[in-house]
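Analysis of the macromolecular model
Given next are the chains, with one letter for each unit.
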Amino acid sequence: MSAPDDARSDVRMEDLVSLCARRGFIFQSGEIYGGINGFWDYGPLGVELKNNVKAFWWQRMVRERDDVEGLDGAIITHPRTWEASGHIANFSDPMVDCRLCKKRFRADQLEGIAKCTEGRGGEHSLTEPRDFNLMLETHIGASADAASVAYLRAETCGPIFTAFKRVRDASRQKVPFGIAQIGKAFRNEINPRNFIFRSREFEQMELEFFCHPDESAKWFEHWRSVRLQFHRDLGFDESNLRTRPHAPDELAHYANAAEDVEFLFPFGWQEIEGIHDRGSYDLTQHTEFSGKDLSEFDEQSKERYVPAVVETSVGADRTTLALLCNAFDEEELEGGETRTVMRFSPRVAPIKVAVFPLSKKLREPTKKLAADLRKRFNVFYDESGAIGRRYRRQDEIGTPWCVTYDFDSQEDGQVTVRERDSMSQERVSADQLRTYFQDRMDAL
Ligand code: ATP
């Protein structure tokens, strides 16, 4: 873990976790049974927020490019996939057990662990580190013998490699091109912690870009800059974002280069994305284990070669957590009142527009207005309580715009649009509203 001095103090995890549960962003899975460690449910607002992150990634990585194809591969990938990738042999973390309280810890993350409940003075009695494989195992079919063992994928890339040839041929792509995928991954993390930062079930958004090995450094640079721009466009403050190249001794033996994108969480600088030049390791391994030729023919040199892979791997949940931390603000207003405001970019805000009638008597025309906006945006209709209270409820969940329909609206066809951050208000013609918001979204 990072030292406390590089943590930030403007947002506390307790406040964020409590807001997330109270407003229905994210909460423990199986709460009524006491929860299950490392598993989380996304509520009505959380699912919108995470879906927006995933849709934006897909837009940038797949739809806006001619050289990337999409895939939705199976979670239980053929077990040989994980033998070939080295996951069954090597995908492990060092683990230690306390002989007294029986708790288990990651040997490389002992800083700041809770005191032992059994040992004198709270001292743990720790065993030597042992390797603990993080792959979650299951059995397929009726028998539970060794032949039926399968694994939930620990990263989404497995099916990308096994489907490489099929996707290339079906889409008539030629190297260089990439395959992108969003999906669930599972790791039997020894110590799930920091809310959704480290969980046992999570989602990844991964790209495997296949290129000639001589060109992998060039593509690594390309993807590095594309990925950084993506994070900026999500609305992260520049001061909360940095990249960290891996030192040569951190690199896997087959890798040429690796860089992490890190975000400044309340618990320190931590990785949200990994960008790797993996050389030709993946397709070489899968060629060997499957016996299928995954090489390409180079028209210029008339030689066959095994494509190299540049991988970009970002967690949808970690990105969502980073967005929550980045957006959280408590603002002192004139008169001493404090408002909690989530300053999400409208691009990812779960609700784009809230629509209020000034009085319940205006329900009918206001609902009509909301219905029209719903065709294009995620809209929340609220008619309960004073307008000020309704604004505060929307600020707390990061809704960028609120629209109020009042008695004048009936006469002049105009409504009041209030902007979240500046709290400024302007009158806009009701029949121009869709274009008004669309223009603002397009300008992002
Ligand atoms: P860490 O060192 O934090 O365990 P890692 O280096 O093992 O992460 P990768 O294997 O590079 O992570 O996975 C790519 C991305 O997947 C990470 O940057 C992160 O966003 C996400 N990710 C990995 N493990 C988890 C997890 N347990 N919970 C949530 N997201 C995860």
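In what follows, the accompanying structure is described.

**Examining the sheet that holds strand 22 (residues 414–419)**
A sheet is described by the order of its strands in space; here 5 strands give the open sequence 20-19-21-22-23, paired in mixed fashion. Every other strand in the sheet has two partners, leaving strand 20 (379–381) and strand 23 (425–429) as the edge strands with one partner each. Strand-to-strand twist in this sheet, taken as the mean axis angle between neighbours without regard to direction, amounts to 25 degrees. Examined bridge by bridge, strand 21 (residues 401–405) and strand 22 share 4 bridges and lie antiparallel to one another. Of the residues in strand 22, the one forming a bridge with V403 is V417. Along the sheet, helix 11 (residues 387–397) contacts strand 19 (353–357), strand 20, strand 21, strand 22 and strand 23; its crossing angle with strand 19, the most-contacted strand, is approximately 165 degrees.

**Here we look at the packing of aromatic side chains**
Any two aromatic rings considered together are summarised by their centre-to-centre distance and by the angle between their planes. Overall, the coordinates contain 20 aromatic pairs when judged by the stated rule. With 4.4 Å between their ring centres and 40 degrees between their planes, F209 and W219 make a pair best called tilted. Of this pair, F209 sits in strand 10 (residues 201–211) while W219 sits in helix 7 (residues 216–233), and the two are 10 residues apart along the sequence. Per residue, the accessibility class of F209 equals that of W219, and both read buried. Connected via pairs of aromatic rings, a cluster forms that spans F197, F236, F263, F265 and F267.

**Section: a nonpolar patch on the surface**
A cluster of nonpolar side chains, I75, I76 and I140, forms an exposed patch at the surface whose accessible area comes to about 230 Å². Among the secondary structure elements, I75 is positioned in the loop between strand 3 (68–71) and helix 3 (79–85).

**Quick notes on the pairing of strand 13 (residues 268–277)**
By the criterion of burial, strand 13 is predominantly enclosed, with 8 of the 10 residues buried. The hairpin turn running from strand 12 (residues 257–265) into strand 13, its antiparallel successor, is 2 residues long.

**Overview of the packing of helix 2 (residues 44–63) against helix 7**
Axis separation between helix 2 and helix 7 bottoms out at 11 Å; the angle between their running directions is 145 degrees. Helix 7 is crossed by helix 2, and the crossing has right-handed handedness. Where helix 2 abuts helix 7, its residues V53, F56, W57, R60 and M61 lie against W223, V226, R227, F230 and D233. Residues belonging to the contact of helix 2 with helix 7 are distributed by class as follows: 7 nonpolar, no polar and 3 charged.

Conventions we followed
- Position labels on residues start from 1 in each chain and follow its written sequence.
- Predicted model: local features are reported for residues with pLDDT of at least 70 only, side-chain atom pairs are reported and counted for 80 or more only, and whole-chain, interface and lining totals are derived from all residues.
- Derived side-chain values reflect all non-hydrogen atoms in the structure, with water molecules and hydrogen atoms excluded from consideration.
- Any two strands between which DSSP finds at least two bridges are classified as paired.
- Secondary structure is summarised from DSSP: a helix means a run of H or I of at least four residues, a strand means a run of E of at least two, and numbering begins at the N terminus for each.
- Helix axes are fitted only over the stretch in contact, all axes being lines through C-alpha atoms; the angle between N-to-C directions runs from 0 to 180 degrees.
- In this analysis, two residues are considered to be in contact whenever any of their non-hydrogen atoms come within 4.5 Å of each other.
- Pairs were defined over the aromatic rings of Phe, Tyr and Trp, the Trp ring being its six-membered one, requiring ring centres within 6.5 Å. Orientation was assigned from the angle between planes: stacked under 30 degrees, edge-to-face over 60, tilted for the rest.
- Burial classes: relative accessible area under 20% of the type maximum marks a residue as buried, over 50% as exposed, and values in between as partly exposed (1.4 Å probe, protein chains only).
- Excluding any residue in a salt bridge, patches collect residues exceeding 30% relative accessible area, merging like charges within 9 Å and nonpolar Val, Leu, Ile, Met, Phe, Trp and Tyr side chains within 5 Å.
- Residue burial considers only the protein chains on display, and all accessible areas are found by Shrake-Rupley using a 1.4 Å probe.
- We define a salt bridge as a side-chain nitrogen of Lys or Arg found within 4 Å of a carboxyl oxygen belonging to Asp or Glu.
- The hand of a helix crossing depends on one turn: near helix anticlockwise from the far one by less than a right angle means left-handed, and clockwise means right-handed.
- Following the grouping adopted for this structure description, the nonpolar residues are Ala, Val, Leu, Ile, Met, Phe, Trp, Tyr, Cys and Pro, the charged ones are Asp, Glu, Lys and Arg, and the polar ones are all others, Gly among them.

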